[in-house]
Amino acid sequence: MSQHHDHTHGANKKVLKFSFIIISVYMVVELAGGIWTNSLALLSDAGHMLSDSISLGVGLLAFTFGEKVSNYSKTYGYKRFEILAAVFNGVTLILIALYIFYEAYKRFSQPPDIASSGMLIIAFIGLLVNILVAWLFMRGGDTEENLNVRAAFLHVLGDLLGSIGAITAALLIMFFGWSWADPLASVLVAILVLFSGWRVTREALHVLMEGVPRNVDINQIIEAVKGVPGIINIHDLHVWSITSGNNALSMHAVVHEEKTINEGHKILEELQQVLQNHDIQNVTIQMENEDHLHDESILCQMDQDQSGHHKET
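Note that this is a predicted model, so its numbers are computed, not measured.

Caption draft 1: Focus on the nonpolar core. Residues Leu16, Leu42, Met49, Leu56, Met119, Phe137 and Ala166 are the most contacted members of the largest nonpolar core, which totals 32 residues. When residues of this core are traced back to their parent elements, those giving at least two are helix 1 (2-37), helix 2 (40-66), helix 4 (116-140), helix 5 (147-176) and helix 6 (181-208). Counting residues per element, this core draws most heavily on helix 5, which supplies 10 residues. Excluding residues within four positions of it along the chain, Leu42 makes contact with Glu30, Gly33, Gly34, Thr37, Met119, Ile122, Ala123 and Ala166. Core analysis: the second largest hydrophobic core is formed by 19 residues, Val228, Val239, Val274 and Leu275 among them.

The following block contains the structure:
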């Protein structure tokens, strides 16, 4: 499992590196083209490409920091930096979408003259660039499990849609003189960008709040753990993610006293195997005898009594 994780990590980093170079170079081209043609669709797409370049750079930085070993100050190392990068990317997407809405509103009321032929050429080249980068992500990146990589991939897909919108707007302006097609294309792309940004931000914040990973069914874990021979009950169960694809669990397991003495190590090995089968990589288990078997919740909860003091149940 460790070798697979290292291979995936290296592949993700390589994809981010090549994508960062390609996007950054063409972002400058599209920005210049947007100014030359006076197209909001191109300018908004260039702005989105700028956010792509930043997000890919932050993603690379996150992987670099994530490679640093743990120490007494950071016992999990710097792996969660990837989640912070995902939050940054998601919020950036939301801000870009809001700015595009603002600019489009102004252009609907006062449509400017647009060099549609130049806009079409630049948008088409941009489409090819985004298709290439999206292909790199789909071929070598972990866009399903790694939240940081998925956030960067969504940035690229937003760019790809922006290029399609700019091409469509350019054709409508060329053949029908519909200047409003340029801000309209920007609004449609901004809606998709806003949705992507909100989804990435929400999932990243869920990880930071130490919520249950989306690929883990906590009810199945409870049933599987209780099915291990020797386990009477469990309580104080917590499941969370350290970073994408790296889940952790801690719990108290109540076992028969004679089992604890004679077969405790064997029970622990079985529990670890069961939990690995449910995609839990980091496990901390405290074993207890029947003396601890009282009215305890499986989940650790904090109740407040009438006097206003907290007590653990």
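So much for the structure itself; the text now carries on.
Caption draft 2: Structural context of the sheet that holds strand 3 (residues 282-288). Sheet architecture is open: 3 strands sit in the order 1-2-3, paired in mixed fashion. Each having just a single partner strand, strand 1 (231-243) and strand 3 make up the two edges of the open sheet. Averaged over all pairs of adjacent strands, the angle between strand axes in this sheet comes to 10°, irrespective of strand direction. Summarising the sheet, strand 2 (residues 246-255) and strand 3 pair through 7 bridges and their orientation is parallel. Directly across from His252, in strand 3, lies its bridge partner Gln286. Across the sheet, helix 7 (residues 218-226) touches strand 1 and strand 2, and the angle it forms with strand 1 is around 140°.

Caption draft 3: Looking closely at a nonpolar patch on the surface. Together, Phe108, Leu171, Met174, Phe175, Phe176, Trp178, Trp180, Leu184, Leu188 and Ile191 make up a nonpolar patch on the protein surface, roughly 990 Å² of accessible area in all. With 4 residues, helix 5 is the largest single contributor of residues to the nonpolar patch. Mapped onto the elements, Met174 comes out in helix 5. Overall, the relative accessible area of 39% leaves Met174 in the partly exposed class.

Caption draft 4: The arrangement of the environment of Ile22 in detail. You can see Ile22 is positioned in helix 1. Taking the C-alpha atoms as reference, Ile22 lies 8.9 Å from Ser53; in sequence the two are 31 residues apart. Beyond its immediate stretch of four places on either side in the chain, Ile22 contacts Val129, Leu132, Val133 and Leu136.

Caption draft 5: Representation of the pattern of salt bridges in the model. The tally for this structure, following the rule as stated, stands at 2 salt bridges. With its nearest N and O atoms 3.5 Å apart, the salt bridge here joins Glu103 to Lys106. Of this pair, Glu103 and Lys106 both sit in helix 3 (residues 81-109), 3 residues apart, which is roughly one turn of that helix. Residue Glu103 is classed as buried on the basis of its relative accessible area, which comes to 14%. Judged by its relative accessible area of 37%, Lys106 falls in the partly exposed class. The closest approach of N and O atoms between Arg214 and Glu203, which form a salt bridge, is 3.9 Å. Of the two residues, Arg214 sits in the loop between helix 6 and helix 7 while Glu203 sits in helix 6, which places them 11 residues apart along the sequence.

Caption draft 6: Structural context of the packing of helix 3 against helix 6. Contact pair helix 3 / helix 6: the axes reach a minimum separation of 7 Å and the direction vectors enclose 155°. In terms of orientation, helix 3 and helix 6 fall into the roughly antiparallel class. The crossing of helix 3 and helix 6 is left-handed. Of the residues contributing to the contact of helix 3 with helix 6, the split by class is 25 nonpolar, 5 polar and 2 charged.

Caption draft 7: Up close: helix 6. Over its 28 residues, helix 6 extends 41 Å from the first C-alpha to the last, a length consistent with the 40 Å expected when each residue adds 1.5 Å. Following helix 6 by one or two positions, Glu210 adopts a phi angle in the positive range, close to 60°.

Caption draft 8: The packing of aromatic side chains, seen in detail. All told, the structure shown has 3 aromatic pairs when counted by the stated rule. Measuring from ring centre to ring centre gives 4.8 Å for Phe176 and Trp178, while their planes differ by 25°; the resulting arrangement is stacked. Phe176 gets classed as exposed once you look at its relative accessible area, which sits at 53%. Classification of Trp178 as partly exposed rests on a relative accessible area of 34%.

Parameters and conventions
Residues numbered from 1 in each chain as written. Predicted model: local features only at pLDDT ≥ 70, side-chain atom pairs only at ≥ 80, totals over all residues. Heavy atoms only, no water. Core = buried A, V, L, I, M, F, W, Y, C linked by side-chain atoms within 4.5 Å. Buried < 20%, exposed > 50% of the residue type's maximum accessible area, 1.4 Å probe, protein only. Helix = DSSP H or I, 4+ residues; strand = E, 2+ residues; numbered from the N terminus. Contact = heavy atoms within 4.5 Å. Pairing = 2+ DSSP bridges. Axes fitted to C-alpha atoms, helices over the stretch in contact; angles between N-to-C directions. Patch = residues over 30% accessible without salt bridge, like charges linked within 9 Å, V, L, I, M, F, W, Y side chains within 5 Å. Areas by Shrake-Rupley, 256 points an atom, 1.4 Å probe, with all protein chains shown as cover. Salt bridge = Lys/Arg side-chain N within 4 Å of Asp/Glu carboxyl O. Parallel < 35°, antiparallel > 145°, perpendicular 65-115°, else oblique. Left-handed = near helix turned anticlockwise from the far one by under 90°. Nonpolar A, V, L, I, M, F, W, Y, C, P; charged D, E, K, R; others polar. Expected span 1.5 Å × (residues − 1). Phe/Tyr/Trp six-rings, centres within 6.5 Å; stacked < 30°, edge-to-face > 60°.

These results come straight from atomic positions and should not be treated as a statement about function.
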